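Working through the structure, step by step
Listed below, chain by chain, are the residues.
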Amino acid sequence: MKELFTALARELEAGRGAVLCSIVSSHGSTPRGAGAKLLVCAGGKTTGTIGGGGVEYRAIQLAGELLAEGRSQWGHYSLTAGELAEAGMICGGEMRVYFQHFSPSDRPPLDGVLELLEGGRAAWLLTEIQDTGWRMGTYDQKNGLRGLDIPPARLTPLLGSRGVLDEGAPLLYGEPLCRAGTVYLFGAGHVARALAHILALAGFRVVVCDQRPQAVSQAWFPEAAGLVCTPFQDALAQLPPVTAEDYVVIMTPGHEWDYEILAQALGTPAKYIGCIGSRKKVAATRDRLLAAGFREAEIGRVYAPIGLPIGGESPAEIAVSVAAQLIACRSGRLEAAGQAGGRSGERSGLCCK
């Protein structure tokens, strides 16, 4: 989402228009559901996707026409037999797409959108659509509703985990702009570099922390929301307070530093705490935490070995494994640490022996 709106802002700042194609509702089998977006810019350059294939091709063609004409429009698509086969689907599906034309004068509303995308807190994008055009607003807990005037009875249902279309008058569409929570990634090695990139693609806000100045480099982590160089001994004290919406991922250069971060992280309400390492290291860390006075229930919060059991060994494969576990945690589909399987197939929760 950040990449898409940044690209849109860049086009408008350059004095060019663009068309944002958003799926606002879908029924049956479709490659993407409500909330999927495709930005079509001058010259046919695109960012994002609404599912690919024939439907996306037709959408790009229509968006190009609307860009030339400077107007917005609705689009309705039913997947053909060929498109269903291409997508590996059996049953038909329909998508309703809003083609939202932006001109350079529409740049101001994007400031609030980009601000929220950088903020690391839950926020929603709201669009009012009428025959005469559209207006855009945002909602987050700190600032409330901005840009639109929507009564509470209509606003509340729009603030869900997925895109919602309210076909009242005026028509309203609400969708999550960014989810709450930051991934605090401790250690800036090869796995961390791959992981930060994958997490950014998946819409996570990532802050990387390491005590090696040469490691926390913008060149290595171009998509990170923050880079922090500080000793591991008190690293969490140098960061904003970790909340119940945040994730702590530990993959420092050494066992001692992993332990230091774990001991600090267990004192936070973090939504997720994961630590990379072998079964032997996991067992040793567990015993050390017990000796330091941590209770079994506290230690059992930790996912270790980290990641889902996909059998990977390279830095990129391990990063995919960890990212998958974080996505499952964000979506509410991850079991408690003491019940879930690590990459080794053994029990997690620092219980491997």
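I will try to describe carefully the structure that is included in this document. (Residues numbered from 1 in each chain as written. Predicted model: local features only at pLDDT ≥ 70, side-chain atom pairs only at ≥ 80, totals over all residues. Heavy atoms only, no water.)

**Looking at the overall build of the chain**
The helix and strand tally for the chain stands at ten helices and 16 strands. Per-residue burial for the chain yields a buried fraction of 48% across its 353 residues. With an accessible surface of roughly 16000 Å², the chain has 52% of that area assigned to carbon and sulfur atoms. Across the chain, 33 positive and 35 negative side-chain charges occur, with their mean positions spaced 4 Å apart. (Helix = DSSP H or I, 4+ residues; strand = E, 2+ residues; numbered from the N terminus. Buried < 20%, exposed > 50% of the residue type's maximum accessible area, 1.4 Å probe, protein only. Areas by Shrake-Rupley, 256 points an atom, 1.4 Å probe, with all protein chains shown as cover. Lys, Arg positive; Asp, Glu negative; His and termini not counted. Charge placed at Lys NZ, Arg CZ, Asp CG, Glu CD.)

**Examining the pairing of strand E15 (residues 272-275)**
Alternating residues of E15 divide into Tyr272 and Gly274 and Ile273 and Cys275, and every residue in both groups is buried. As defined by bridge partners, E15 adjoins strand E16 (residues 302-303) across two bridges and the pair is classed as parallel. By the bridge assignment, isoleucine 273 is partnered in E16 with valine 302. (Pairing = 2+ DSSP bridges.)

**Regarding the packing of helix H7 (residues 255-265) against helix H8 (residues 279-291)**
Interhelical geometry of H7 versus H8 gives an angle of 50 degrees and a closest axis separation of 11 Å. In terms of orientation, H7 lies oblique with respect to H8. When you trace H7 past H8, the crossing you get is right-handed. Mapping the contact onto sequence places His255, Glu256, Asp258, Tyr259, Leu262 and Ala263 in H7 and Lys281, Thr285, Arg288 and Leu289 in H8. Across the contact of H7 with H8, the residue classes tally to four nonpolar, two polar and four charged. (Axes fitted to C-alpha atoms, helices over the stretch in contact; angles between N-to-C directions. Parallel < 35°, antiparallel > 145°, perpendicular 65-115°, else oblique. Left-handed = near helix turned anticlockwise from the far one by under 90°. Contact = heavy atoms within 4.5 Å. Nonpolar A, V, L, I, M, F, W, Y, C, P; charged D, E, K, R; others polar.)

**Brief notes about the sheet that holds strand E3 (residues 46-48)**
The antiparallel open sheet is built from five strands, whose spatial order is E3-E2-E1-E5-E4. Each having just a single partner strand, E3 and strand E4 (73-78) make up the two edges of the open sheet. Adjacent strand axes in the sheet meet at a mean angle of 20 degrees, parallel and antiparallel pairs treated alike. Across three bridges, the pairing between strand E2 (residues 37-41) and E3 is antiparallel. Paired with leucine 38 across the two strands is glycine 48, which belongs to E3. Contacting strand E1 (18-28), E2, E3 and strand E5 (93-102), helix H1 (residues 2-13) runs over the sheet at an angle of about 20 degrees to E2.

**Let's talk about the environment of histidine 101**
Examined against the element boundaries, histidine 101 turns out to sit in strand E5. Judged by relative accessible area, histidine 101 falls into the buried class, the value being 11%. Taking the C-alpha atoms as reference, histidine 101 lies 6.0 Å from alanine 18; in sequence the two are 83 residues apart. Excluding residues that lie within four positions of it along the chain, histidine 101 makes contacts with Ala18, Val19, Leu66, Leu67, Gly70, Arg71, Ser72, Asp106 and Trp134.

**Describing the pattern of salt bridges**
A complete count under the given rule lists 16 salt bridges for this structure. Among the ionic pairs, lysine 2 bridges to glutamate 118, the shortest N-O distance being 2.8 Å. In this pair, lysine 2 sits in helix H1 while glutamate 118 sits in helix H4 (residues 108-119), placing the two residues 116 residues apart along the sequence. Residue class for glutamate 118 comes out partly exposed when judged on its relative accessible area of 38%. Of the charged contacts in the structure, one is a salt bridge between glutamate 167 and arginine 96, with a shortest N-O distance of 2.9 Å. (Salt bridge = Lys/Arg side-chain N within 4 Å of Asp/Glu carboxyl O.)

**Remarks on the side chain of aspartate 246**
By the element assignment, aspartate 246 lies in the loop between strand E13 (226-229) and strand E14 (247-250). Despite its burial, aspartate 246 pairs with no opposite charge; the closest candidate is arginine 205, at 7.0 Å N-O. In this structure the side chain of aspartate 246 is engaged in a polar contact, spanning 2.7 Å, whose partner is the backbone nitrogen of threonine 243. Not counting residues within four places of it along the chain, the set of residues in contact with aspartate 246 comprises Gly181, Thr182, Tyr184, Pro241, Ala270, Lys271 and Tyr272. (Polar contact = N/O pair within 3.5 Å; in protein donor to acceptor, adjacent residues only side chain to side chain.)

**Re the sheet that holds strand E7 (residues 133-140)**
Within the open sheet, the five strands sit side by side as E8-E7-E6-E10-E9. Their pairing is antiparallel. The open sheet terminates on both sides in strands that have one partner only, identified here as strand E8 (144-146) and strand E9 (164-166). Averaged over neighbouring strand pairs, the angle between their axes works out to 20 degrees when direction is ignored. In terms of strand pairing, strand E6 (residues 123-130) meets strand E10 (residues 171-178) through seven bridges, oriented antiparallel. Among the inter-strand pairings, threonine 127 is bridged to a residue of E10, identified as tyrosine 173. Packing of H4 onto the sheet brings it into contact with E6, E7, E8 and E10, and relative to E7 it is tilted by some 30 degrees.

**Comments concerning H8**
Here H8 contains 13 residues, and its C-alpha end-to-end distance of 19 Å stays within 8% of the 18 Å for a straight helix at 1.5 Å per residue. Of the residues making up H8, those classed as buried are Lys281, Val282, Ala283, Thr285, Arg286 and Leu289. Tucked into the core, H8 has its buried residues touching H7, E15 and helix H9 (296-299). Two residues or fewer after H8 comes glycine 293, characterised by a positive phi angle close to 105 degrees. (Expected span 1.5 Å × (residues − 1).)

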